[in-house]
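Letter by letter, the chains look like this.
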Amino acid sequence: MQLLNINDETSELETVVLGQPHSMGKTPNLEETYDAKSYENVTNNSYPQEDDIIYEMTCFEKILNDHKVKVLRPRILKDCNQVFARDVAFVIENKVIISNIIPDRADEQEAYKEIFDMISFQDIYNLPEKAHVEGGDIILCNDTIFCGVYKGDDYSSLKTARTNAYAIDFLKELFPHKTFIDISLKKNDKDPKQGILHLDCTFMPVGKNKAIVYKEGFINLKDYQFIVDFFGKDNIFEITQQEMYYMNTNIFSISPEVVVSEERFIRLNKFLEEKWNLTVKKVPYYEISKMGGLLRCSTLPLKRKK
Ligand SMILES: NC(=[NH2+])NCCC[C@H](N)C(=O)O
């Protein structure tokens, strides 16, 4: 049986890896943080507690189970934050690409060994060391793949710059039949209102042909315009800076009809339900958002129905 099949963000989900809330280790100090939201919450003494993270992820898992999705989990590593499965690897068609993730998070990858062992060698791609990419920057829309990227000269001094142009060139060679659209994202390691960690923090397809977008997250207006033209103006829901800050784009689709969202995303949820006729399953995920990711970031989908 084919284990991998991913071509978009919303087709009916069959198998997913959900990150792991257990044994996430102690609260980092400021120097140990590597995203702006964690930086802010460590500064304000509001970094989340493990019990709350366990509670929130359990609520999410229950929704996945209720929808008969097969949920796999990475092995628990001692004192290691494994909440954000998304960035560790990503699936395109029937191949899994092992991310060259920020070194601060490299330990997380070994916990997926048992899962990757189920996949045949020829379907697992490793990238050269210089190619940096994380799953949060890769968004699939069938023949088109949107890639968050940062091309500035200060790339290596920014902890929130995770995907480089070299990695995208590499992906283009691996998937020559796909069109790759690279999208430069604003970066800021300390202020979560001014920078975008991954593409999925500023843009997300939903339903059949619709998308949620935060316009100010892009360095080039033409990239925003491309997305609007791609989906059509009427199929775009624009979010505010405040909504971006709470990660409103980072919801997760179980099917074109059903999406999992955060219970506090009042304006978004109402719009999705009333205007786009989607079923919105609401979970508490506020504490997790303080670590720079939300629902999509906690998942690594392996298989969606064609
Ligand atoms: N796909 C995402 N947006 N993932 C969020 C990851 C957050 C995590 N704290 C990091 O900095 O890597």
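The name an unreviewed UniProt entry assigns to the protein chain is arginine deiminase, from the organism Apibacter adventoris. UniProt lists a comment for the protein chain under the heading Catalytic activity (unreviewed entry), and it reads "L-arginine + H2O = L-citrulline + NH4(+)". Listed under Pathway (unreviewed entry) in UniProt, the entry text for the protein chain is "Amino-acid degradation; L-arginine degradation via ADI pathway; carbamoyl phosphate from L-arginine: step 1/2."

Right, let's talk about the overall build of the protein chain for a bit. In terms of helices and strands, the protein chain carries eight helices and 15 strands. A compact globule built from 306 residues should have a C-alpha radius of gyration of about 19 Å, and the protein chain, at 18 Å, falls within 12% of that. With the principal axes as the frame, the protein chain shows a C-alpha extent of 45 × 45 × 45 Å. Buried residues in the protein chain amount to 45% of all 306 residues.

One full turn of an α-helix is made of 3.6 residues, so residues set three or four places apart face in the same direction. All of the buried residues along helix α4 (residues 165-174) are Ala 167, Ile 168 and Leu 171. Along α4, the residues classed as buried sweep out an arc of 100° about the axis, all on the same side. In α4, the exposed positions that point more than 90 degrees away from the buried face belong to Asp 169 and Glu 173. Its buried side turned inward, α4 meets β7 (144-149) and β8 (179-184).

Taken together, three strands build an open sheet; the order of strands is β2-β1-β15 and the sheet is mixed. In the strand order of this sheet, the two ends are held by β2 (70-72) and β15 (299-304), each with one partner. Sheet twist, expressed as the mean angle between neighbouring strand axes with direction ignored, is 20°. In this structure, strand β1 (residues 13-18) lies alongside β15, joined through five bridges in antiparallel fashion. Counterpart to Leu 18 in the pairing with β15 is Thr 299. Strands β1 and β2 of the sheet are contacted by helix α2 (residues 50-66), whose axis makes an angle of about 160° with β1.

It is worth spelling out the pairing of β8 at this point. The pairing of β7 with β8 spans six bridges and is classified as parallel. Each residue of the ladder has a partner; that of Phe 146, found in β8, is Ile 181.

The local shell around the ligand holds 16 residues, among which Asp 35, Gly 136, Gly 292, Gly 293 and Cys 297 are the closest. Taken together, the residues of the shell around the ligand break down into six nonpolar, five polar and five charged.

Counting residues in hydrophobic clusters, the biggest one holds 76 residues, and the most contacted among them are Phe 203, Val 259 and Val 260. In this view, Val 259 contacts Val 206, Ile 251, Phe 252, Ser 253, Ile 254, Leu 272, Leu 278 and Val 280; residues no more than four positions away in its chain are not counted.

Moving on, we come to the environment of Thr 160. With respect to the element layout, Thr 160 can be found in the loop between β7 and α4. Residues Thr 160 and Lys 26, spaced 134 residues apart in sequence, show a C-alpha to C-alpha distance of 21 Å.

On to the sheet that holds β7. Strand order in the open sheet formed by three strands is β6-β7-β8, with mixed pairing between adjacent strands. Across the chains shown, the open sheet's two edge strands, defined by having one partner strand only, are β6 (138-141) and β8. The average angle at which neighbouring strand axes cross in this sheet is 20°, direction not considered. Strands in contact with α4 are β7 and β8; relative to β8, the strand with the most contacts, it is inclined by about 170°.

Next up on the list: the confidence of the model for the protein chain. Confidence in the prediction for the protein chain averages 97 pLDDT; 100% of positions are at 70 or higher. Our summary of model confidence lists the complex with pTM equal to 0.97 and ipTM equal to 0.96.

The rules we used
Within each chain, residue numbers correspond to sequence positions counted from 1 in written order. With pLDDT at 70 or above as the cut-off, local features in this predicted model cover only qualifying residues; side-chain atom pairs require 80 or more to be listed or tallied, and sums for whole chains, interfaces and linings still use all residues. UniProt positions are given in the numbering used here, feature names are shortened, and annotations may be inferred rather than shown by experiment. Under the DSSP-based scheme used, a helix requires at least four consecutive residues in state H or I and a strand at least two consecutive residues in state E, with every element numbered from the N terminus. Every radius of gyration here is taken over C-alpha atoms, with the globule rule written as 2.2 Å times N^0.38, N being the number of residues. Any residue with 12 or fewer other C-beta atoms within 10 Å of its own C-beta is exposed, any with 20 or more is buried, and the rest are partly exposed; the C-beta atoms used are placed from the backbone. The arc in question is the one traced by the directions running from the helix axis out to the C-beta atoms. A pair of residues counts as a contact when their C-beta atoms, built from backbone coordinates, are within 7 Å of each other. Pairing between strands requires that DSSP locate at least two bridges from one strand to the other. Here the axes come from fitting lines to C-alpha atoms, over the contacting stretch only for helices, and the angles between their N-to-C directions go from 0 to 180 degrees. Put plainly, near means the residue's C-beta atom, positioned from the backbone, lies within 6 Å of the molecule or strand in question. Classification convention: Asp, Glu, Lys, Arg as charged; Ala, Val, Leu, Ile, Met, Phe, Trp, Tyr, Cys, Pro as nonpolar; all other residues, Gly among them, as polar. In this usage, the nonpolar core is the set of buried Ala, Val, Leu, Ile, Met, Phe, Trp, Tyr and Cys residues whose C-beta atoms join them within 7 Å. Confidence of the predictor in every single residue is expressed as pLDDT, which spans 0 to 100.

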